[in-house]
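The primary structure of each chain is shown beneath.
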Amino acid sequence: MKKTFHLTVAFCGVLLCYAQVYAQPGAVQPATADSSMPVSLFYKSISENAHLYNGTEYIMYDQHIKGDPYFITEVTSGSVYYDGTLYKNVPMLYELTSGNLVVRRYDGGVLMCLIKEKVGSFNLYNHTFIHLVPDSGNTVITNDFYDRIYNGKNAIYVRRQKILYEDPATYERSFLINDKYVIYKNNAWYPVSSEGDVLKLFKDHKKEITKYLRQNKIKYKKAPEYAMVKMAEYYDTLTH
């Protein structure tokens, strides 16, 4: 995770096969795989059907930009549901500025984008990313990949994002983290950005949760994601 790539976004191309998840209330699940294929077999099948490729190479960002745009800053093996098929041990990068899932081509050469609409879910570095698609009128979530960090009676998702920012005074460009959190509770989506937002959502047990955080020395400001997950976990134990 220490080798850093500095890349410039290119439009996505075709590589694997797809699976899309529609985020309907109460039905947030990764796409169901029709089959599971070892990556070596996948590469062999692709190389024998090279006409499937009509996409664009993923182009590097300017190396002078401060920071990086990735979830993991090096190509890491993961699994992906793509066009109804589960592919394992696929070398990939998740680029948070454009929201593209990037994979290494079958011949071990260039990096290429997957078609976003065809990615149902993927697992990278022990994180499960689900492709959520909002219903009509839903303004809380967007058509994007969300990191599901808790999945109990309630679920917590993070839309991980890095914004390319240019300082107007120095013209220095850098990647800034801009993560957004949502909680799925009682068939509805709620945006949360503070401890107060979470406590408001779990208001029927607010006193118990506040006491739990204090007794266990859990500080929301120091570790928001950890605190959020522990709050949801404890709330679930109080409402079983």
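Predicted model only: the values in this text are computed from it and were never measured.

Participant: How do you make sense of helix α4 (residues 224-238) when you look at a structure like this?
Facilitator: The periodicity of an α-helix, 3.6 residues per turn, causes residues three or four positions apart to be oriented the same way. Taking 1.5 Å of rise per residue, the 15 residues of α4 would be expected to cover 21 Å, and the 21 Å separating its terminal C-alpha atoms lies within 8% of that figure. Those residues of α4 not exposed but buried are Ala-227, Met-228, Val-229, Met-231, Ala-232, Tyr-235 and Asp-236. In this structure, the buried residues of α4 make contact with β8 (144-151), β9 (155-159), β12 (180-185), β13 (188-192), α2 (195-201) and α3 (206-215).

Participant: What's the story with the nonpolar core in this structure? I'm lost.
Facilitator: Within soluble globular proteins, side chains that are nonpolar tend to cluster in buried spots. Counting residues in each nonpolar core, the largest one holds 21 residues, and the members touching the most others are Ile-156, Ile-183, Val-198, Phe-202, Ile-209, Met-228 and Met-231. Of all the secondary structure elements, the ones that give two or more residues to this core are β9, β12, α2, α3 and α4. The element best represented in this core is α4, accounting for six residues. Once you skip the residues sitting within four places of it in the chain, Phe-202 turns out to touch Asn-154, Ile-183, Lys-185, Ile-209, Met-231, Ala-232 and Tyr-235. Counting residues in each nonpolar core, the second largest holds 18 residues, with Tyr-82, Met-92, Leu-96 and Phe-145 among its members.

Participant: What's the story with unusual backbone geometry in this structure? I'm lost.
Facilitator: As a rule of thumb, non-glycine residues mostly have phi less than zero, and peptide bonds are mostly trans rather than cis. Phi is positive for Asn-89, which is not a glycine, with a value near 55 degrees. Turning to its location among the elements, Asn-89 is positioned in strand β3 (residues 85-95). Classification of Asn-89 as exposed rests on a relative accessible area of 51%. Phi angles above zero are rare outside glycine, and Asn-187 is one such case at about 65 degrees. Within the secondary structure, Asn-187 is located in the loop between β12 and β13. The class of Asn-187 is exposed, set by a relative accessible area of 54%.

Conventions used here
- Residues numbered from 1 in each chain as written.
- Predicted model: local features only at pLDDT ≥ 70, side-chain atom pairs only at ≥ 80, totals over all residues.
- Heavy atoms only, no water.
- Helix = DSSP H or I, 4+ residues; strand = E, 2+ residues; numbered from the N terminus.
- Expected span 1.5 Å × (residues − 1).
- Buried < 20%, exposed > 50% of the residue type's maximum accessible area, 1.4 Å probe, protein only.
- Contact = heavy atoms within 4.5 Å.
- Core = buried A, V, L, I, M, F, W, Y, C linked by side-chain atoms within 4.5 Å.

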